[in-house]
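Listed below, chain by chain, are the residues.
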Amino acid sequence: MTSTATPPTRPPRPKAVTTASWLQLAASALLLVAVGLVVWHAIWWNGEIDHAARLVPAADPAEVDGERFGNIMTSCVVGVPALLLAAVLGGAAWGVRRGSVGARIAVFVAGGLQLLVGLGQCLCAGAALPFLFAFGGPPTEGDMPPEFFPEESRFIQTLYDTDSYPAEDLLFAGGGLIALLVFGLTATAIVLLALPASRHWFVPQAAHPPHPPVAYPAPYLLPPGYMICPDPRAHGVPWQYPAAPEASASAPAAPVDPTGAPDGPPPQAADPTRD
């Protein structure tokens, strides 16, 4: 026989969970803005390629197509992960508000991936610094042999005739700022979701813990023709507790004569003269 466990009850949603969901939505919106910047830069750079191709009519078509392909691939490498991260954070925000454990885990995974990418970039940059200082700074065209720097075509020189473009400066500055804001918002949401109140809300406890099942001993059956022993404990029969003292005291025992004579008047001897 087992007792029925009380179903777990979910308390009201903590404010920390609600705040974390809004922070996730804000991070998702910023990532969508970053994706918009990447798309805008790709369109703008494709126009620059067209402009350089018109200025150099004799440009190699394969070289022009290579620049277009590089523009598309660079935009996809940056924009697709940002779009996926925005979808994960935005979708997990609604799941977090409903108390989904999977959505909470998705937020932790998204924050861990951001931290891993950021640390990877920092480690790669830090690993390259000793080599730059060892060689006295980054190599220039005058320090390297001429065959190391192949001669650029007129199309490439026209396309990259300036050191920097204002649009590229805006893209890199805006992208870096958005990356820092998204990481900060995600880290704050993770801290709020890791609080004890939030953890207990996602995994509610039962109001009354279930009682352990009561195990009753199996009945002991005697085989046919088995002689009953005065001491059943010697044969493995479960011990039977003696009767309660109240039951035995309810019926008082009859007084016993110490001489051994039975109760009642003694029998009279027969008179032989009565007949």
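If you're wondering where the values come from, they're calculated on a predicted model, not measured in any experiment.

Reading the values: rules and limits
Residues numbered from 1 in each chain as written. Predicted model: local features only at pLDDT ≥ 70, side-chain atom pairs only at ≥ 80, totals over all residues. Heavy atoms only, no water. Helix = DSSP H or I, 4+ residues; strand = E, 2+ residues; numbered from the N terminus. Phe/Tyr/Trp six-rings, centres within 6.5 Å; stacked < 30°, edge-to-face > 60°. Buried < 20%, exposed > 50% of the residue type's maximum accessible area, 1.4 Å probe, protein only. Contact = heavy atoms within 4.5 Å. Core = buried A, V, L, I, M, F, W, Y, C linked by side-chain atoms within 4.5 Å. Patch = residues over 30% accessible without salt bridge, like charges linked within 9 Å, V, L, I, M, F, W, Y side chains within 5 Å. Areas by Shrake-Rupley, 256 points an atom, 1.4 Å probe, with all protein chains shown as cover. Salt bridge = Lys/Arg side-chain N within 4 Å of Asp/Glu carboxyl O. Expected span 1.5 Å × (residues − 1). Bend = angle between axes of the 7 residues up to and from the residue.

J.: Run through the environment of Asp60, naming residues and quoting values.
T.: With respect to the helices and strands, Asp60 occurs in the loop between helix 1 (15–55) and helix 2 (61–98). C-alpha of Asp60 to C-alpha of Phe155: the two residues are 95 residues apart in sequence and 8.1 Å apart in space.

J.: I'd like a rundown of the packing of aromatic side chains, residues and numbers included.
T.: Applying the stated rule across the entire model yields three aromatic pairs. Ring centres of Trp45 and Tyr160 lie 5.5 Å apart, and the angle between their planes is 45°; on these two criteria the pair is classed as tilted. Pair noted here: Trp45 is in helix 1 and Tyr160 is in the loop between helix 4 (154–159) and helix 5 (166–193), with a separation of 115 residues, a long-range link. Residue Trp45 is classed as buried on the basis of its relative accessible area of 6%. Plain terms: the ring middles of Trp201 and Phe202 are 5.2 Å apart, the flat faces sit at 80° to each other, and that makes the pair edge-to-face. The pair Trp201 / Phe202 is uniform in exposure class, with both members buried. An aromatic cluster is defined as three or more aromatic residues linked by ring pairs; in this entry it consists of Trp44, Trp45 and Tyr160.

J.: Residue-level account of the side chain of Gln114, with values.
T.: With respect to the helices, strands and loops of the structure, Gln114 is situated in helix 3 (residues 101–134). For Gln114, a relative accessible area of 14% puts it in the buried group. Contact partners of Gln114, with chain neighbours within four places excluded, come to Leu85, Leu89, Val182, Phe183 and Thr186.

J.: Let's hear about the nonpolar core: which residues, and what values?
T.: Counting 25 residues, the largest nonpolar core has Val17, Leu31, Leu89, Val96, Leu193 and Phe202 as its most contacted members. Looking at this core, the elements with two or more residues in it are helix 1, helix 2, helix 3, helix 5 and helix 6 (196–202). At eight residues, helix 1 tops the list of elements feeding residues into this core. Excluding anything up to four places from it in sequence, Val96 contacts Val17, Gln24, Ala103, Arg104, Val107, Leu193, Trp201 and Phe202. In this structure, Trp45, Phe155, Leu159 and Tyr165 belong to the second largest nonpolar core, which totals 10 residues.

J.: Can you explain a nonpolar patch on the surface? Please cite residues and give values.
T.: Together, Val101, Ile105, Val109, Leu113, Leu116 and Val203 give the surface a local cluster of nonpolar side chains, amounting to about 530 Å² of exposed area. Relative to the helices and strands, Leu116 is located in helix 3.

J.: Got a sec to walk through helix 2? Specific residues and values, please.
T.: Compared with an ideal rise of 1.5 Å per residue, which puts 38 residues at 56 Å, helix 2 spans 55 Å between its outermost C-alpha atoms and is within 8% of the ideal. In the structure, helix 2 departs most strongly from a straight axis at Cys76, where the bend amounts to approximately 25°. Backbone geometry just downstream of helix 2 places Gly99 in the positive-phi region, at approximately 90°.

J.: Tell me what's going on with the pattern of salt bridges, and back it up with residues and numbers.
T.: Across all of its chains, the model carries one salt bridge by this definition. Close ionic contact of Arg68 with Asp50 constitutes a salt bridge, the shortest N to O distance being 2.3 Å. Linking Arg68 in helix 2 with Asp50 in helix 1, this pair joins segments that are 18 residues apart in sequence. In this structure Asp50 comes out as partly exposed when scored by relative accessible area, which is 24%.

Bear in mind that shape data such as this cannot, by itself, settle questions of function.
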